[in-house]
Amino acid sequence: MNKIHPTAIISPKAEIDQNVEIGPYAVIEENVKIGSGTVIGPFVHILGYTEIGKNCRIFTGATVGSIPQDLKYKGEISYLKIGDENVIREYVTINPGTGEGESTIIGNKNLIMAYAHIAHNCKIGNNVIISNCGTLAGHVMIEDFAIIGGMVGIHQFCRVGSYAIVGGCSKITKDIIPFALADGHPARPYGLNIVGLKRRNFPKEKISLLDRAYKILFRSGLNISSAIKELEKMENCEEISHLNAFIKTSTRGIAKEK
């Protein structure tokens, strides 16, 4: 049977796997679904149309699924979908989407540190780290393996690309390209995330190719449109193709090196 502390308050309409642990004074409301192996800590509140996958761990005081802090939200049914093996630390807040049937989506194996906030309609990939007090406005997208430093604020509709790392206390107002180091007010890229790529076992040849692409983008004197054409001439490479697609689909524009 479920390992549920006697002080926890659980709606009979919640769908909770038999292998879920729920700590003291947690509150789980109706329409919530929780997968096998997930551990819910003390004083956690999970509500709304929230689905949590397998083997997640949610620490003390987190509020998961409360209505968006968005003046456009009018009580419509929207969703929060959280994948497997996520760690959500103390007092994190995560909101569902704004708009009928819309969702906030969090992938797998992410670490969301204490006091972070993920707003409505955000999309978080896999293996992402959001450090303490990281604050995501609505419609923010964070791609796989990105790292967001402590106390970083991200403007609505901005994106942070895969394998990028953003320094603590930065303010993000434009998209941060994949594979980059970024920092500042506003955050700007200042080089390739070479250490991070090595830690993820990128071969030297690909790191060299990405470094060349970075220099074409920001240090060749070309405007972005011309730089993209140069990148398209580079040898076929999945990472370069992803970089190109990321830039082409930017709605806020990409942050440029200072």
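Structure first, text after, so check above.
Thresholds applied
Residues numbered from 1 in each chain as written. Predicted model: local features only at pLDDT ≥ 70, side-chain atom pairs only at ≥ 80, totals over all residues. Heavy atoms only, no water. Helix = DSSP H or I, 4+ residues; strand = E, 2+ residues; numbered from the N terminus. Buried < 20%, exposed > 50% of the residue type's maximum accessible area, 1.4 Å probe, protein only. Polar contact = N/O pair within 3.5 Å; in protein donor to acceptor, adjacent residues only side chain to side chain. Pairing = 2+ DSSP bridges. Contact = heavy atoms within 4.5 Å. Phe/Tyr/Trp six-rings, centres within 6.5 Å; stacked < 30°, edge-to-face > 60°. Lys NZ or Arg CZ within 6 Å of the ring centre and 35° of its normal.

Engineer: Is there a simple way to explain the side chain of Thr104 in this structure?
Structural biologist: With respect to the helices and strands, Thr104 occurs in strand E15 (residues 103-106). Overall, the relative accessible area of 0% leaves Thr104 in the buried class. A polar contact of 2.8 Å, which involves the side chain of Thr104, links it to the backbone oxygen of Asn95. One polar contact links the side chain of Thr104 to the main-chain carbonyl oxygen of Pro96, over a distance of 3.4 Å.

Engineer: Explanation requested: the sheet that holds strand E1 (residues 3-4) in the structure shown.
Structural biologist: Working definition: the strands of a sheet are paired by backbone hydrogen bonds and lie parallel or antiparallel to each other. Spatially, 11 strands are ordered E1-E4-E7-E10-E13-E16-E19-E22-E25-E27-E28 in an open sheet, and the strand pairing comes out mixed. In the strand order of this sheet, the two ends are held by E1 and strand E28 (187-192), each with one partner.

Engineer: What is the right way to look at unusual backbone geometry in this model?
Structural biologist: If a residue is not glycine, its phi is most likely negative; likewise, a peptide bond is most likely trans. Residue Pro186 follows His185 across a cis peptide bond; omega there is -5°. Summarising the element assignment, Pro186 is placed in the loop between strand E27 (180-184) and E28. A positive phi angle is found at Tyr163, which is not glycine, with a value near 65°. Counting through the fold element by element, Tyr163 comes out in the loop between strand E24 (159-160) and strand E25 (165-166). Take Tyr163: its relative accessible area is 18%, and that puts it in the buried class. At Asn201, a residue that is not glycine, the phi angle is positive and equals roughly 65°. Within the secondary structure, Asn201 sits in the loop between helix H1 (194-199) and helix H2 (204-219). Under the relative-accessibility criterion, Asn201 is labelled exposed at 67%.

Engineer: Would you explain the pairing of strand E9 (residues 49-52) in this entry?
Structural biologist: In regular strands, side chains alternate between the two faces of the sheet. The two faces of E9 differ: Thr50 and Ile52 on one face are buried, but Tyr49 and Glu51 on the other face are not. Pairing geometry for strand E6 (residues 33-34) and E9, over 2 bridges, is parallel. The partner of Lys33 across the bridge, within E9, is Glu51. Examined bridge by bridge, E9 and strand E12 (residues 79-82) share 4 bridges and lie parallel to one another. By the bridge assignment, Tyr49 is partnered in E12 with Tyr79.

Engineer: What am I meant to see in the pairing of E15 here?
Structural biologist: Where E12 and E15 come together, 4 bridges link them in parallel fashion. Residue pairing in the sheet places Tyr79 in a bridge with Ser103 of E15. Two strands pair when backbone bridges link them, and E15 and strand E18 (residues 123-124) are joined in this way by 2 bridges, in the parallel orientation. Within E18, the residue paired with Ile106 across the bridge is Ile124.

Engineer: Quick question: what am I supposed to make of the environment of Ile177 here?
Structural biologist: Among the secondary structure elements, Ile177 is positioned in the loop between strand E26 (171-172) and E27. Assessed through its relative accessible area of 2%, Ile177 is described here as buried. C-alpha of Ile177 to C-alpha of Ala62: the two residues are 115 residues apart in sequence and 30 Å apart in space. Beyond its immediate chain neighbours, meaning those up to four positions away, Ile177 contacts Gly161, Ala164, Tyr214, Leu217, Phe218, Leu243, Phe246, Ile247 and Ile254.

Engineer: Please explain the packing of aromatic side chains as it appears in this structure.
Structural biologist: Each aromatic ring pair is specified by the distance between its two centres and by the angle formed by the two planes. Scanning all chains against the criterion turns up 8 aromatic pairs. Consider the rings of Tyr163 and Phe202, whose centres lie 4.9 Å apart with planes at 80°: the pair is edge-to-face. In this pair, Tyr163 is assigned in the loop between E24 and E25 and Phe202 in the loop between H1 and H2, connecting sequence segments 39 residues apart. The same class applies to Tyr163 and to Phe202, which are both buried. In this structure, Lys81 packs its charged tip against the face of Tyr79, placed 5.8 Å from the ring centre. Positioned above the aromatic ring of Phe246, the side-chain terminus of Arg159 is 3.9 Å from the ring centre.

None of this, on its own, says anything about what the molecule does.
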